[in-house]
Amino acid sequence: SQELEQSPQSLIVQEGKNLTINCTSSKTLYGLYWYKQKYGEGLIFLMMLQKGGEEKSHEKITAKLDEKKQQSSLHITASQPSHAGIYLCGADNNQGGKLIFGQGTELSVKP
Amino acid sequence: EAGVTQFPSHSVIEKGQTVTLRCDPISGHDNLYWYRRVMGKEIKFLLHFVKESKQDESGMPNNRFLAERTGGTYSTLKVQPAELEDSGVYFCASSQDSRTPITYGYTFGSGTRLTVV
């Protein structure tokens, strides 16, 4: 079965610094999703990547899927306290089925 | 548009009792999913409904868990009898059809935090 490994598990950065979170799959990724969760809230969809080499951006967050489609990275530029939360990568079979999740990366941004 | 709604938001019950969680998906969404996160572990898939039919229930842990979606609208997840290891956060998600997640992702509810004591 497919497994997703996220690194690091937790991250503390100073406000204004850049950071990267990685998500590595044990199998080829068909659809890779990035979500953010704040404590007590649901998962907020950030973006979805499908094609090898694809890159998407939303505000200061950029996600990439490597050419081999087995690793994705999430990059935050000039981090802010509002970026704090748990970032989760998820993979599906690209047919609207279940998601497999990584264990999450907890991000803290110090003002 | 209202999002995915779950209630209760928190539930504390004693071992052996029964608890029923409810999920109201976004109106018109045929696909409804249940997930669970237990302490220290990743979020895991439990069940997928397409309308009122169970498309995939491979993640249901055992027969103490019963999910229903009568009429293809809201869904309930009942745990009977609850055990200590059932504690965790139960999430519900929905999507309109198989193509929607590509653009909009799966829409998740805020979850129900279940504590079995």
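Residues numbered from 1 in each chain as written. Chains lettered and ligands numbered in written order. Predicted model: local features only at pLDDT ≥ 70, side-chain atom pairs only at ≥ 80, totals over all residues. Heavy atoms only, no water.

### So, the state of the cysteines
All names here are of chain A.
Argument step 1. If you walk through the whole model with that rule in mind, you get 2 disulfides over all chains.
Argument step 2. Here Cys 23 is linked by a disulfide to Cys 89, with a sulfur-sulfur distance of 2.1 Å. Note on the Cys 23 and Cys 89 pair: the S-S dihedral is about 75°, so by sign convention the disulfide is right-handed. Remark: Cys 89 occurs in strand β9 (residues 85–92) and Cys 23 occurs in strand β3 (residues 19–25); sequence separation between them is 66 residues. Judged on exposure class, the residue Cys 23 and its partner Cys 89 are both buried. (Disulfide = S-S within 2.5 Å. Helix = DSSP H or I, 4+ residues; strand = E, 2+ residues; numbered from the N terminus. Buried < 20%, exposed > 50% of the residue type's maximum accessible area, 1.4 Å probe, protein only.)

### What to know about the side chain of B:Arg64
Residues and elements named next belong to chain B.
Argument step 1. Considering the arrangement of structural elements, one finds Arg 64 in the loop between β6 (53–56) and β7 (65–68).
Argument step 2. Of the polar contacts made by the side chain of Arg 64, one reaches the side chain of Asp 86; its length is 2.6 Å.
Argument step 3. If sequence neighbours within four positions are ignored, Arg 64 has contacts with Lys 78, Val 79, Gln 80, Pro 81, Ala 82, Glu 83, Glu 85 and Asp 86. (Polar contact = N/O pair within 3.5 Å; in protein donor to acceptor, adjacent residues only side chain to side chain. Contact = heavy atoms within 4.5 Å.)

### A word on the pairing of strand β5 (residues 43–49) of chain A
Residues and elements named next belong to chain A.
Argument step 1. Counting buried residues in β5 gives 5 out of 7 residues, a clear majority hidden from the surface.
Argument step 2. Alignment of strand β4 (residues 31–37) against β5, held across 6 bridges, turns out to be antiparallel. Bridge assignment links Lys 36 to a residue of β5, and that residue is Ile 44.
Argument step 3. Where β4 folds back on β5, the antiparallel hairpin that results is connected by 5 residues, among which Gly 40 adopts a positive phi of roughly 80°. (Pairing = 2+ DSSP bridges.)

### A closer look at the pairing of strand β3 (residues 19–24) of chain B
For a regular strand, the rule is simple: side chains alternate between the two faces of the sheet.
Residue and element names in this part refer to chain B.
Argument step 1. What you see with β3 is a clean split: Val 19, Leu 21 and Cys 23 sit on the buried side and Thr 20, Arg 22 and Asp 24 on the side with no burial.
Argument step 2. Relative to β3, strand β1 (residues 5–7) is paired through 3 bridges, and the arrangement is antiparallel. Counted as the bridge partner of Gln 6 is Cys 23 from β3.
Argument step 3. With 5 bridges joining them, β3 and strand β8 (residues 75–79) adopt antiparallel strand pairing. Across the sheet, the residue bridging to Cys 23 is Ser 75, located in β8.

### Considerations on the sheet that holds β3(A)
Residue and element names in this part refer to chain A.
Argument step 1. One open sheet holds the 5 strands; their spatial order is β1-β3-β8-β7-β6, and the pairing between them is antiparallel. Each edge of the open sheet is held by one strand with a lone partner, namely β1 (4–7) and β6 (55–58). Each strand of the sheet is rotated relative to its neighbour by a mean of 15°, with strand direction disregarded.
Argument step 2. Bridge count between β1 and β3: 4 bridges; the pairing is antiparallel. By the bridge assignment for β3, Gln 6 is matched with Cys 23. (Axes fitted to C-alpha atoms, helices over the stretch in contact; angles between N-to-C directions.)

### A short note on the interface of chain B and chain A
Argument step 1. Across the boundary between the two partners, chain B contributes 22 residues, which contact 23 residues of chain A.
Argument step 2. When chain B packs against chain A, the two sides together hide about 1,700 Å² of surface, and 55% of this comes from carbon and sulfur.
Argument step 3. Taken together, the links from chain B to chain A amount to 1 salt bridge.
Argument step 4. Across the pair A:Lys98 and B:Asp56 runs a salt bridge whose closest N-O atoms are separated by 4.0 Å.
Argument step 5. A breakdown of the residues in the side of chain B that touches chain A according to their chemical character gives 10 nonpolar, 8 polar and 4 charged. (Buried area = accessible area lost by both parts, 1.4 Å probe. Salt bridge = Lys/Arg side-chain N within 4 Å of Asp/Glu carboxyl O. Nonpolar A, V, L, I, M, F, W, Y, C, P; charged D, E, K, R; others polar.)

### Looking at the packing of aromatic side chains
Argument step 1. Following the criterion strictly, the structure yields 13 aromatic pairs over all chains and no others.
Argument step 2. Their ring planes at 80° and their centres at 5.7 Å tell us that A:Phe101 and B:Tyr35 sit as a pair that is edge-to-face. Of this pair, A:Phe101 sits in strand β10 (residues 100–101) while B:Tyr35 is found in strand β4 (residues 31–37), placing the two residues in two different chains.
Argument step 3. Taking relative accessible area as the criterion, A:Phe101 reaches 2% and is therefore assigned buried.
Argument step 4. Counting every residue linked through ring pairs, the aromatic cluster contains A:Tyr33, A:Tyr35, A:Phe45, A:Phe101, B:Tyr33, B:Tyr35, B:Phe45, B:Tyr106 and B:Phe108.
Argument step 5. Note that B:Arg22 overlies the ring of B:Tyr74, its terminal NZ or CZ placed 3.7 Å from the centroid. (Phe/Tyr/Trp six-rings, centres within 6.5 Å; stacked < 30°, edge-to-face > 60°. Lys NZ or Arg CZ within 6 Å of the ring centre and 35° of its normal.)

Limitation: the analysis is restricted to geometry and does not speak to function.
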